[in-house]
Amino acid sequence: MDNKRRNFLKVAGISTLAGLGGTAVIDRLVTGSTSVRAAAAADHGSNQGELSTGHEGRPDPSTKRYGMVIDIKKFQQDPSLGGRVVTACHSVHNVPQFPDKKDEIKWIWMTNFENAFPDSPNLYLDEATESHQLPLLCNHCDKPPCVRACPTKATFRNKDGVVMMDFHRCIGCRFCMAACPYGSRSFNWREPAPFVKNLNKDFPRRMRGVVEKCSFCAERIGLGQQPACVEACGDSKAMVFGNLNDPESEIRKLLKEHHTIQRNPALGTLPSVFYIV
Amino acid sequence: MYDSGKIIPGLIIFVLFITIPIWYNRGTAASVPKPVLPKDAKTCVLPAAEIRAEHMKLLNSWRDEVLRTGDRGTFELEGKQYQKSLMLTCMKCHTSKKQFCDTCHTYASVKPYCWDCHIAPAE
């Protein structure tokens, strides 16, 4: 053995340096410092692109983002309208009617102003608003927190901006219910089938252990029809449904003409349901 | 052979014991199911052999196309347009779940969960 400790350390040191330096050089050659900068810029750009589908940016008119405008005054003028709207939705979608309020399943429901908009409390509410109820439904948010929470992608935002439920995939973990700030989701604690009155044979039921909610009537709008609740309003224009990304649509004209509010906009979920108060 | 008086009867008892399912169920084999086919429709969505083997995959792909991709386009069969739907297309011809779906599913001991939510035609 003519290898001395001194020689061994020399060789080891040089190879370590070569190893570290070599990988750095190779990395630089492969990615290239310019393309690293380009990638960073592209990333920034895509963030902006994402924002532009929301309210603050310029939406792309070729894409769809369905939304709804609800005129609370029309619901005050016709107090029976709310009931009709709820019945229309729930009978079309085979929503069960449980006797116990704890098991309640709701896709659209009527509530008081202060419950719908708890972030804008008003001690001296006008009489009409105080004595009447307004309809609530899934907001079909542009940034839906329920979709982020779902571990199976059973709930997802489709290409038309509708937050959908795929009941085949739902495992009933109820993370989405915890994530939704609007209480739009209901859980089937019991087998719903025996509690469905007036079965609609063209639409499925749900099973025990899945979460359900409003789907903006995806099965109807996919065929060019209006959602069931909008149809129930008839010509009153109490509820107007349409594409928010299309500047010429009826809903965008309404939004231009009226001051509208959204439920809890401070959360940044960008709801697609607007209320004319 | 030592102890052949014990080993041979023992072997016979063992063989009889492990073949219990064969001789116990002898003659009771279920006949091959004969699902009742619709009278007025002659062609299905796919040729018979294919639909028999692949109908579950077809239903899954319909489900994903309609629900997840949002492609609710119809397809044409003998000049008529049909939706991609179990309830609105399949069960309109195959009007009896008991006489069509259940015959084979019971025979093959498969329990599809379709009917937990989807509504079978009234019988």
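The residue count restarts for each chain, going from 1 along the sequence in the order it is written. Starting at A for chains and at 1 for ligands, labels are handed out in the order in which the entities are written. Since the coordinates come from a predicted model, pLDDT governs what is reported: local features require at least 70, and pairs of side-chain atoms require 80 or more to be given and counted, while whole-chain, interface and lining totals use all residues.

Engineer: Help me understand the overall build of chain B in this model?
Structural biologist: A run of H or I in DSSP counts as a helix once it spans at least four residues, and a run of E counts as a strand once it spans at least two, with each numbered from the N terminus. Helices and strands together make up the secondary structure of chain B, namely 6 helices and 2 strands. Only the C-alpha atoms count toward the radius of gyration. The rule for a globule is 2.2 Å times the residue count to the power 0.38. Relative to the compact-globule value of 14 Å for 123 residues, chain B shows a C-alpha radius of gyration of 24 Å, a clear excess of over 25%. Contacts are defined on C-beta atoms placed from the backbone: any two residues whose C-beta positions lie within 7 Å are in contact. Sequence separation of at least 24 residues holds for 61% of the intrachain contacts in chain B that already meet a minimum separation of 6.

Engineer: How should I be thinking about the nonpolar core in this particular structure?
Structural biologist: One recurring pattern in soluble globular proteins: nonpolar side chains tend to sit buried together. Residue and element names in this part refer to chain A. Definition of nonpolar core: a set of buried Ala, Val, Leu, Ile, Met, Phe, Trp, Tyr and Cys residues joined via C-beta atoms within 7 Å. Put simply, a residue is buried when 20 or more other C-beta atoms lie within 10 Å of its own C-beta and exposed when 12 or fewer do; between those, it is partly exposed, and each C-beta is set from the backbone. Core analysis: the biggest nonpolar cluster contains 53 residues, and Ile 70, Val 85, Cys 89, Ile 108, Cys 229, Cys 233 and Met 239 have the highest contact counts within it. When residues in this core are grouped by element, the largest group, 5 residues, is from helix H4 (residues 81-92). The contact partners of Cys 229, leaving out residues within four places of it in the chain, are Val 85, Ala 88, Cys 89, Ile 108 and Met 239.

Engineer: I would appreciate a short explanation of helix H1 (residues 5-31) of chain A in the present structure.
Structural biologist: Note: α-helices contain 3.6 residues per turn, so residues at a spacing of three or four share the same orientation. What a helix should span is 1.5 Å times the count of its residues minus one. Along its 27 residues, H1 of chain A runs 39 Å from first to last C-alpha, staying within 8% of the 39 Å computed at 1.5 Å per residue. Taking burial as the measure, the 27 residues of H1 of chain A include 0 buried ones, a minor fraction of the element.

Engineer: What am I meant to see in the sheet that holds strand S9 (residues 260-261) of chain A here?
Structural biologist: Each strand in a sheet pairs with another by means of backbone hydrogen bonds, the pair being arranged parallel or else antiparallel. Residue and element names in this part refer to chain A. For two strands to pair, DSSP has to find at least two bridges joining them. Taken together, 4 strands build an open sheet; the order of strands is S8-S1-S10-S9 and the sheet is mixed. The open sheet terminates on both sides in strands that have one partner only, identified here as strand S8 (239-243) and S9. Pairing of S9 with strand S10 (residues 273-276), which is carried by 2 bridges, proceeds in the antiparallel orientation. The partner of Ile 261 across the bridge, within S10, is Tyr 275. Contacts between helix H11 (residues 250-257) and the sheet are confined to strand S1 (66-71), S8, S9 and S10, with S8 contributing the most and set at about 115 degrees to the helix. Only C-alpha atoms enter the line fits that serve as axes; for helices the fit covers just the stretch in contact. Angles between N-to-C directions range over 0 to 180 degrees.

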